[in-house]
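Structural overview
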Amino acid sequence: GQQLNQSPQSMFIQEGEDVSMNCTSSSIFNTWLWYKQEPGEGPVLLIALYKAGELTSNGRLTAQFGITRKDSFLNISASIPSDVGIYFCAGQPFGNEKLTFGTGTRLTIIP
Amino acid sequence: EPEVTQTPSHQVTQMGQEVILRCVPISNHLYFYWYRQILGQKVEFLVSFYNNEISEKSEIFDDQFSVERPDGSNFTLKIRSTKLEDSAMYFCASSTRGGEKLFFGSGTQLSVL
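I will try to describe carefully the structure that is included in this document. As the structure is a computational prediction, the values presented were derived from the model and not from experiment.

Our next topic: the sheet that holds strand E3 (residues 19-24) of chain B. Two pairing modes exist for strands in a sheet, parallel and antiparallel, and in both the strands are linked by backbone hydrogen bonds. Residue and element names in this part refer to chain B. Strand order in the open sheet formed by 4 strands is E1-E3-E8-E7, and the pairing between neighbours is antiparallel. Both edges of this open sheet fall to strand E1 (5-7) and strand E7 (65-68), since each of them pairs with a single strand only. Taken over all neighbouring pairs, the strand axes of this sheet differ in orientation by 20° on average, direction set aside. In terms of strand pairing, E3 meets strand E8 (residues 75-79) through 5 bridges, oriented antiparallel. Bridge assignment links Leu21 to a residue of E8, and that residue is Leu77.

A few words on the layout of surface pockets. In this structure, the largest pocket occupies an estimated 510 Å³ of space. What lines the largest pocket is a set of 25 residues, and nearest its centre among them are Gln37(A), Ile86(A), Arg106(A), Gln37(B) and Gly40(B). Of all the secondary-structure elements, those providing two or more residues to the lining of the largest pocket are strand E9 (85-92) and strand E11 (105-110) of chain A together with strand E9 (88-95) of chain B. Per-element tally for the lining of the largest pocket: the top contributor is E11(A), with 4 residues. Residue classes in the lining of the largest pocket are distributed as 9 nonpolar, 13 polar and 3 charged. Volume-wise, the second largest pocket comes out at about 410 Å³. In this structure, the second largest pocket is lined by 18 residues; those nearest its centre are Pro43(A), Val44(A), Glu1(B), Phe103(B) and Phe104(B). At the level of secondary structure, the elements contributing two or more residues to the lining of the second largest pocket comprise strand E5 (44-49) of chain A together with strand E10 (103-104) of chain B. Element by element, the count of residues in the lining of the second largest pocket is highest for E5(A), at 5 residues. Its residues assigned to classes, the lining of the second largest pocket shows 11 nonpolar, 3 polar and 4 charged.

Right, let's get into the pattern of salt bridges. Going through the model one piece at a time under the given rule, you end up with 3 salt bridges over all chains. Two residues, Asp83(A) and Arg60(A), come together in a salt bridge whose shortest N-O distance is 2.8 Å. A residue pair is termed long-range when its members are at least 10 positions apart, and Asp83(A) in the loop between strand E8 (71-76) and E9 and Arg60(A) in the loop between strand E6 (55-58) and strand E7 (61-65) qualify at 23 residues. Owing to a relative accessible area of 28%, Arg60(A) belongs among the partly exposed residues under this scheme. A salt bridge links Glu44(B) to Arg36(B); the nearest nitrogen and oxygen atoms lie 3.4 Å apart.

Let's shift gears to the side chain of Thr105(A). Residues and elements named next belong to chain A. If you trace the backbone, Thr105 turns up in strand E11. The class of Thr105 is buried, set by a relative accessible area of 0%. Looking at Thr105, its side chain comes within polar contact range of the main-chain oxygen of Pro8, at 2.6 Å. Discounting chain neighbours no more than four positions away, the residues touching Thr105 are Gln6, Ser7, Pro8, Gln9, Met11, Met21, Gly85, Ile86 and Tyr87.

Counting residues at the interface gives 21 residues for chain B, matched by 20 residues for chain A. A buried area of about 1700 Å², summed over both sides, lies between chain B and chain A, and 55% of it is on carbon and sulfur atoms. Looking only at chain B, the three residues that lose the most surface to chain A are Lys42(B), Glu56(B) and Lys101(B), adding up to 28% of its buried area. If you look at where chain B meets chain A, you find 0 salt bridges. Seen at the junction of chain B and chain A, the total is 4 residue pairs in polar contact (both at pLDDT 80 or more).

Thresholds, definitions, all that
- Residues numbered from 1 in each chain as written.
- Chains lettered and ligands numbered in written order.
- Predicted model: local features only at pLDDT ≥ 70, side-chain atom pairs only at ≥ 80, totals over all residues.
- Heavy atoms only, no water.
- Pairing = 2+ DSSP bridges.
- Helix = DSSP H or I, 4+ residues; strand = E, 2+ residues; numbered from the N terminus.
- Axes fitted to C-alpha atoms, helices over the stretch in contact; angles between N-to-C directions.
- 1 Å grid on protein atoms, 1.4 Å probe; cavity = no way out; pocket = protein on both sides within 12 Å on 5 of 7 lines; lining within 4 Å.
- Points joined across faces, edges and corners; volume = space filled by probe spheres on them.
- Nonpolar A, V, L, I, M, F, W, Y, C, P; charged D, E, K, R; others polar.
- Salt bridge = Lys/Arg side-chain N within 4 Å of Asp/Glu carboxyl O.
- Buried < 20%, exposed > 50% of the residue type's maximum accessible area, 1.4 Å probe, protein only.
- Polar contact = N/O pair within 3.5 Å; in protein donor to acceptor, adjacent residues only side chain to side chain.
- Contact = heavy atoms within 4.5 Å.
- Buried area = accessible area lost by both parts, 1.4 Å probe.

As structure tokens, this is what we get:
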């Protein structure tokens, strides 16, 4: 089946630093989404990407959909304590309604 | 801001018992989903529902699982005879278009003893 591999698995950074994480797949996806999950909560949508090569920002977050539709990165600038959580990429295949989630990147911020 | 609501937040049941997890999707959404997340693992697709029928399901969604939209607002997941391995966080989600911009509820933590 389709798998999305995220890296790194976990990150420990200082408050104020920039963060970069990425997601790769062996399959092509129609839509690529980035979600954040905090403990005991459901995933919250951060950014949605629809076009190959698309670069989209949401406040301090920036994400790009790879040209090949097989990868994406998410950057967070000037991290703050509330950025702590697990970040998941998720891909929607063409002609398919289900989302395939990545393995997640756990972000921890050191004060 | 509209949100997906799920009840209960926690459910503890004995193995072999039936459970029903409830969800109220966002009111103008047309597509409804159930996902689950075993502790420490990624979120996994179970089923999608559109126009009062299942549109897609995963291999996890076997004969023990069923979904229903009994009225205009609720969307339920029933597990007929729970197994230990059904213990997980179950998330309901909804969207206006199939597979796009899913909005998730806070989940129901199911513990099967």
